[in-house]
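# Tertiary structure, described
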Amino acid sequence: MCCILSMNLKGFFHDFNPSKCVVYFALLIFSILLGLRLDEVVTWNFFIVFIPLWLWKLLVFSGVTVGAIVWVKHPEYRRETNVELQAMMIASCFHLLLMLFEVLMCMNLQYNIASYRVVFIPMYFMSFMAIVGCVWGYRHERQLELETFFSINVLQFICLSLKWDSVISWSWVVVFVPLWIILTLLSVCVLYYIIWALLFMRSPEITNTQRNGHLVNSFMSCFIVIPLLTFMIMLVRQLDGYSVNAHYTTTFIPLQISLVSLIVTSFYQKGGNQWWFGMRKDFCEFLLDAIPFLREYGNISYKFSDTVVADANESDGSSSSIELSNTQDSSKIREANKPVASVLVLDIPD
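Residues numbered from 1 in each chain as written. Predicted model: local features only at pLDDT ≥ 70, side-chain atom pairs only at ≥ 80, totals over all residues. Heavy atoms only, no water.

## With respect to the overall build of the protein chain
A count of helical and extended segments in the protein chain gives 17 helices and two strands. Residues counted as buried form 36% of the 350 residues belonging to the protein chain. Look at the contacts in the protein chain between residues 6 or more apart in sequence, and 72% of them connect residues 24 or more apart. For the protein chain, the accessible area works out to roughly 21200 Å², and carbon and sulfur atoms hold 67% of it. (Helix = DSSP H or I, 4+ residues; strand = E, 2+ residues; numbered from the N terminus. Buried < 20%, exposed > 50% of the residue type's maximum accessible area, 1.4 Å probe, protein only. Contact = heavy atoms within 4.5 Å. Areas by Shrake-Rupley, 256 points an atom, 1.4 Å probe, with all protein chains shown as cover.)

## Thoughts on the packing of aromatic side chains
Using the criterion set out here, one finds 17 aromatic pairs in the structure. Measuring from centroid to centroid gives 5.2 Å for Phe149 and Phe150, while their planes differ by 80°, and the two rings are edge-to-face. Overall, Phe149 belongs to the partly exposed group, its relative accessible area being 44%. In this structure Phe150 comes out as buried when scored by relative accessible area, which is 4%. Members of the aromatic cluster, connected to one another through ring pairs, are Phe101, Tyr116, Phe120, Tyr124, Phe149, Phe150, Phe157, Trp164, Trp172 and Phe176. A cation over an aromatic ring shows up here: Lys57 above the ring of Trp56, its NZ or CZ 3.6 Å from the ring centre. (Phe/Tyr/Trp six-rings, centres within 6.5 Å; stacked < 30°, edge-to-face > 60°. Lys NZ or Arg CZ within 6 Å of the ring centre and 35° of its normal.)

## Description of the nonpolar core
With 54 residues, the main nonpolar core has Phe50, Phe120, Met123 and Phe176 as its most contacted residues. If you tally residues by element for this core, the top one is helix H5 (residues 83-111), at nine residues. (Core = buried A, V, L, I, M, F, W, Y, C linked by side-chain atoms within 4.5 Å.)

## Digging into helix H2 (residues 18-38)
Look at H2: 30 Å from first C-alpha to last across 21 residues, which is about the 30 Å you get at 1.5 Å a residue. Positioned one or two residues after H2, Glu40 has a phi angle of 60°, which is positive. (Expected span 1.5 Å × (residues − 1).)

## Some thoughts on the packing of helix H7 (residues 121-139) against helix H8 (residues 145-152)
The N-to-C vectors of H7 and H8 enclose an angle of 125°; their axes lie 7 Å apart at closest approach. On the basis of their axis angle, the class for H7 and H8 is oblique. The hand of the H7/H8 crossing is left-handed. Note on element contacts: H8 touches H7 through Glu147, Thr148, Phe150 and Ser151, opposite Met123, Met126, Ser127, Ala130, Ile131 and Cys134. Of the residues contributing to the contact of H7 with H8, the split by class is six nonpolar, three polar and one charged. (Axes fitted to C-alpha atoms, helices over the stretch in contact; angles between N-to-C directions. Parallel < 35°, antiparallel > 145°, perpendicular 65-115°, else oblique. Left-handed = near helix turned anticlockwise from the far one by under 90°. Nonpolar A, V, L, I, M, F, W, Y, C, P; charged D, E, K, R; others polar.)

## Some remarks on the pattern of salt bridges
Enumeration according to the criterion identifies two salt bridges in this entry. A salt bridge links Lys57 to Glu102; the shortest N-O distance between them is 2.9 Å. Placement of Lys57 in helix H4 (residues 51-73) and of Glu102 in helix H5 is noted, with a sequence separation of 45 residues between them. Note on Lys57: relative accessible area 0%, which makes it buried. Close ionic contact of Asp165 with Arg117 constitutes a salt bridge, the shortest N to O distance being 3.1 Å. Here the residue Asp165 occupies a position in the loop between helix H9 (154-164) and helix H10 (172-175), and Arg117 occupies one in helix H6 (residues 116-119), the gap between them amounting to 48 residues. (Salt bridge = Lys/Arg side-chain N within 4 Å of Asp/Glu carboxyl O.)

## Side note on the packing of H7 against H9
Relative to each other, H7 and H9 sit at 170°, their axes nearing to 9 Å. As far as their axial angle goes, H9 and H7 are roughly antiparallel. Crossing handedness for the pair H7 and H9: left-handed. Between H7 and H9, the residues in contact are Met123, Tyr124, Ser127 and Phe128 and Val154, Phe157, Ile158 and Ser161, respectively. When its residues are assigned to classes, the contact of H7 with H9 shows six nonpolar, two polar and no charged.

## Considerations on a nonpolar patch on the surface
On the surface, a nonpolar cluster with roughly 520 Å² of combined accessible area is contributed by Trp170, Val173, Val174, Val177, Ile181 and Leu185. Where the nonpolar patch is concerned, the elements lending two or more residues are H10 and helix H11 (177-202). In terms of residue count, H11 provides more of the nonpolar patch than any other element does, three residues in total. Among the structural elements, Ile181 can be located in helix H11. (Patch = residues over 30% accessible without salt bridge, like charges linked within 9 Å, V, L, I, M, F, W, Y side chains within 5 Å.)

## A closer look at the confidence of the model for the protein chain
Residues of the protein chain with pLDDT of at least 70 account for 72%, and the chain-wide mean is 77. Here strand S1 (residues 2-8) stands out as the least confident element of the protein chain, with mean pLDDT 42; H10 is the most confident, with 93. Overall, residues 1-7 carries pLDDT values under 50, and its contacts beyond four positions in sequence, including any with other chains, amount to 20 contacts. (pLDDT = per-residue confidence, 0-100.)

In structure tokens:
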């Protein structure tokens, strides 16, 4: 029985989305540090806890600055469509408002300088701007996931600010009702993905690539939504006082599982703005052009053959049959030890 292991590094490089990977990784590190700070395992200043978010914003503003400089210095690029450049500028405006909110939140958590209704003003403004951004993205066939997230959570931001200012005395289960609605819709989508994947598994008209793609999507959706729902349940119980001995580091574990799953999905999700840092091309194509030797290893596919030898429990036969099986196994091993050759040639032009 022969098992083939296929490793397509070319698809890995072409489908990688560096923007999402940076965002999810920054949120993962931030969730770990925030849990430790809330449990008072560390007593750092909140500005130190927010360092992963500061680094995320630093990359964004550096990419916007370099991209704008490249656009100014090369007038010939202006004849091209400016949708990518406009999307980058819109994203930078949203990140500027988000950074302003994070600064106000840090100052309020550390020094308690203002009410949370004042702290959330950038979020209110950004949520209403996100609605306009979503309309713009729909007209230009652009996916604006960050803007969509803020536009559908405006009511949740209002409830949080009122709760933290003690304007309302609702329990946290009621405060998070807008988020429960969103999680319910996500759960329905996960169920849809699972049913759709099962139907594709039994359909003879679907190729193996499409079947595996739908199976992976349904599998990863479960690892994103179910831990996120678990995190919200544990967080609400802890905030309402039902889990007295619970720690925030334990409560944040399902959230971190969901973020790790999102990091994994960023390796096969195409997209990303090509004007960041003035690259004007896909990130991995830019990387392959900047480091040419990566083409030999990253832009090809490999197949490894592995021979599964007969089970050791069946070795009680006669000596002649053992010798015959040994000769057959040696020939199979020689075939398995053949050198690995590339299946696809490089297709990136010089």
